[in-house]
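# Coordinates in review
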Amino acid sequence: MADAQIPIPAPTPGALDLKNIQGDILQGLPKKTEYYYFFRILNAERFRVDLAKFAPHVKSAQEVIDDRKRIEDHKKKGKPGLVPVVGINVAFSHLGFQAMGVDDSSLSDANNARDPFKIGQREDAVENLGDNFVPSADGNVPDWDPAFLQPIHGVILVAADCHENAEKSIEKIEEIFRADTHRASISQIKLIRGDARPGKESAHEHFGFLDGISNPAVIGFEKELPGQGAVRPGVILTGHEGDPLVTARAPWATDGSFLVFRHLFQEVPEFNKYLKDNALKFKNLTPEQGSELLGARMVGRWKSGAPIDITPFKDDPVLAKDPQRNNFFKFEGEVESQFKCPFAAHIRKTNPRDDLESAGIPVEPRRIVRRGIQFGPEVTPAEKASNTTQKGRGLLFVSYQSSIANGFQFHQQSWANNPDFQFRETQPERPGLDPLIGQAPGRPQDRKMSGLDPNNAQRELTFPDFIIPRGGEYFYSPSIKALKETLAKTTSVKA
Ligand code: N7H
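Residues numbered from 1 in each chain as written. Predicted model: local features only at pLDDT ≥ 70, side-chain atom pairs only at ≥ 80, totals over all residues. Heavy atoms only, no water.

Our focus in this paragraph is the overall build of the chain. Looking only at helices and strands, the chain features 15 helices and 14 strands. Relative to its length of 495 residues, the chain is compact, with a C-alpha radius of gyration of 22 Å against a globular reference of 23 Å. Across the 495 residues that make up the chain, the buried fraction comes to 56%. Sequence separation of 24 or more characterises 70% of the internal contacts of the chain that already satisfy a separation of 6 or more. Surface exposure of the chain reaches about 20700 Å², of which carbon and sulfur atoms provide 52%. Measuring between centres, the 63 positive side-chain charges of the chain sit 3 Å from its 66 negative side-chain charges. (Helix = DSSP H or I, 4+ residues; strand = E, 2+ residues; numbered from the N terminus. Rg over C-alpha atoms; globule rule 2.2 N^0.38 Å. Buried < 20%, exposed > 50% of the residue type's maximum accessible area, 1.4 Å probe, protein only. Contact = heavy atoms within 4.5 Å. Areas by Shrake-Rupley, 256 points an atom, 1.4 Å probe, with all protein chains shown as cover. Lys, Arg positive; Asp, Glu negative; His and termini not counted. Charge placed at Lys NZ, Arg CZ, Asp CG, Glu CD.)

Next comes the structure, spelled out in structure tokens:
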């Protein structure tokens, strides 16, 4: 997600051990490109020895702060080009901990037999997330890229300013794990590259909307901007106040976080055609403005990033760029109204703000921080002309949270896919599904929402799938100390 927009936080010294927390979690590794290297562990002993050599390369939150300062200085001085930077992080699935022979029971909820981390995303995708599936003799299999149907033990993240620097690092990493030799300790399952979009689209996702605006402020790390919402560190980091399993965590599970990865394809020409064909007729808007308004009402923000709760019928690019104002809204006083922002708009579904808080239900325990990056090329002229996707593109979605069940899974299953959320008592209209990520497998007629038409809140619009998940996994991003002292082995083994 948009990197350039993230304001540099003012860390509170000493509050969190920033040298112990992996760098992607609290602030995001700086990046123009990011590679996700999914791997399987071939030999636990060898892998844990190799991990001891790899661990010093893992970038901490403190090092990310230092990198971002260097980038900021470079920009301020008006120097040309980009500061060379590489950030490496790593995370493991439940199967990965099992493969290493490490007891990870304190990472799962003992009272939840279907804890998402324990069952893995492949199982969760059909059971709870609503991904499309293919029936088979062994049960329903998600309609995913076959690579993600295999057991995945871990993912290495390599973020950089350019492909060359990232690829050099991947070569070094492969040397450490002796990949491609007869003594390899890992084998690559899939390597996916994400890239920021070119030019002035660089902080925008493929549908054209500015992304990376709203993430919660983690108390003890950064100062809250107006409307941003602050969370206790344990909502994001395991082993801290706010982590629902804080008392059950093993000591090594402090300062880590669960990393949710989703390979999400976006049908951009089809999305654009839908907006054109269903342009809203409102006041004296031109058809083009009517399409823009429809898109803004589906997302809850204009492409510029300006929130429609503040500026409902006209974009405001100056407001969009102002971090003091672009999050300063909470759907206040609109619990029964979707005139300004539809109930099911993507950002209202995924952060309901006053919709819940006014009823005394805190949103804080549900919040996630989103990282990730776009992948795939720009729409080609042929795709534009035919309104049909011919090249794969979308979002490598990444979120961090201390509980997948409370965070990502809840967003997807209980909010985005639930036509009754947010629960209304008096209004006749049902909110419907999140028009972007809401899923109703096998029931295309149910992919609909109300509230898009400001003249008629009850009018429902039905839409095809614009976002198609093709894979993913649930990982745990351990602390740097856990990597070095619990997971890695320094004693040499016969290789
Ligand atoms: Fe979403 N998009 O381009 O439309 N997202 N999202 N998302 N999303 C947000 O506030 C998008 C996805 C959240 O606090 C913005 O940063 C796309 C998943 C949350 O106000 C835009 C995809 C999940 C927020 C998009 C996608 C979420 C959020 C506004 C997939 C969780 C913050 C910019 C391809 C299950 C809400 C911003 C808040 C914002 C888009 C996926 C969650 C523009 C294209 C899977 C929590």
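Our focus in this paragraph is the pairing of strand 1 (residues 33-41). Judged by how many residues are buried, strand 1 sits mostly within the fold: eight of nine residues are covered. Relative to strand 5 (residues 154-160), strand 1 runs antiparallel, the two being bridged by seven bridges. Across the sheet, residue Tyr37 finds its bridge partner in strand 5, namely Ile156. (Pairing = 2+ DSSP bridges.)

With respect to the helices, strands and loops of the structure, His94 is situated in helix 4 (residues 94-100). Side-chain polar atoms of His94 contact the side chain of Asp104, separated by 2.8 Å. Apart from the residues lying within four places of it in its own chain, the contact partners of His94 are Asp104, Phe117 and Lys118. (Polar contact = N/O pair within 3.5 Å; in protein donor to acceptor, adjacent residues only side chain to side chain.)

Turning our eyes to something else, we now look at the packing of helix 8 (residues 268-277) against helix 9 (residues 287-299). Contact geometry for helix 8 and helix 9: axes closest at 8 Å, N-to-C directions at 115°. Relative to helix 9, helix 8 is oriented so that their crossing is right-handed. Each of Phe271, Tyr274, Leu275 and Lys276 in helix 8 lies in contact with helix 9, whose residues at this interface are Ser291, Leu294, Gly295 and Met298. Here the residues of the contact of helix 8 with helix 9 sort into five nonpolar, two polar and one charged. (Axes fitted to C-alpha atoms, helices over the stretch in contact; angles between N-to-C directions. Left-handed = near helix turned anticlockwise from the far one by under 90°. Nonpolar A, V, L, I, M, F, W, Y, C, P; charged D, E, K, R; others polar.)

What follows concerns helix 14 (residues 408-416). Listed as buried for helix 14 are Phe408, Gln409, His411, Gln412, Trp415 and Ala416. Its buried side turned inward, helix 14 meets helix 5 (116-129), strand 9 (257-266), helix 11 (346-350), helix 12 (354-357), strand 11 (394-401) and strand 14 (467-477).

Right, let's talk about the confidence of the model for the chain for a bit. Overall, the prediction assigns the chain a mean pLDDT of 95, with 96% of residues at 70 or greater. Within the model, the stretch residues 1-11 combines pLDDT values under 50 with 40 contacts to residues more than four positions away or in other chains. (pLDDT = per-residue confidence, 0-100.)

Counted by the stated rule, this structure contains 31 aromatic pairs. Plain terms: the ring middles of Phe148 and Phe261 are 6.0 Å apart, the flat faces sit at 20° to each other, and that makes the pair stacked. One end of the pair, Phe148, is in the loop between strand 4 (139-142) and strand 5; the other, Phe261, is in strand 9, with 113 residues separating them in the sequence. Judged by relative accessible area, Phe148 falls into the buried class, the value being 3%. Overall, the relative accessible area of 1% leaves Phe261 in the buried class. In this structure an aromatic cluster arises from ring pairing among Phe39, Phe47, Phe54, Phe92, Phe97, Phe117, Phe177, Trp252, Phe258 and Tyr476. The ring of Phe209 has Lys303 lying over it, and the distance from NZ or CZ to the ring centre is 5.9 Å. Between Arg353 and the ring centre of Phe329, over which it is positioned, the NZ or CZ distance is 4.0 Å. (Phe/Tyr/Trp six-rings, centres within 6.5 Å; stacked < 30°, edge-to-face > 60°. Lys NZ or Arg CZ within 6 Å of the ring centre and 35° of its normal.)

Below, the discussion takes up the packing of helix 5 against helix 14. Interhelical geometry of helix 5 versus helix 14 gives an angle of 15° and a closest axis separation of 12 Å. When the axes of helix 5 and helix 14 are compared, the pair comes out roughly parallel. Relative to helix 14, helix 5 is oriented so that their crossing is left-handed. Residues Pro116, Asp124, Asn128 and Leu129 of helix 5 pack against Phe408, Gln409, Gln412 and Gln413 of helix 14. Tallied by class, the residues present in the contact of helix 5 with helix 14 amount to three nonpolar, four polar and one charged. (Parallel < 35°, antiparallel > 145°, perpendicular 65-115°, else oblique.)

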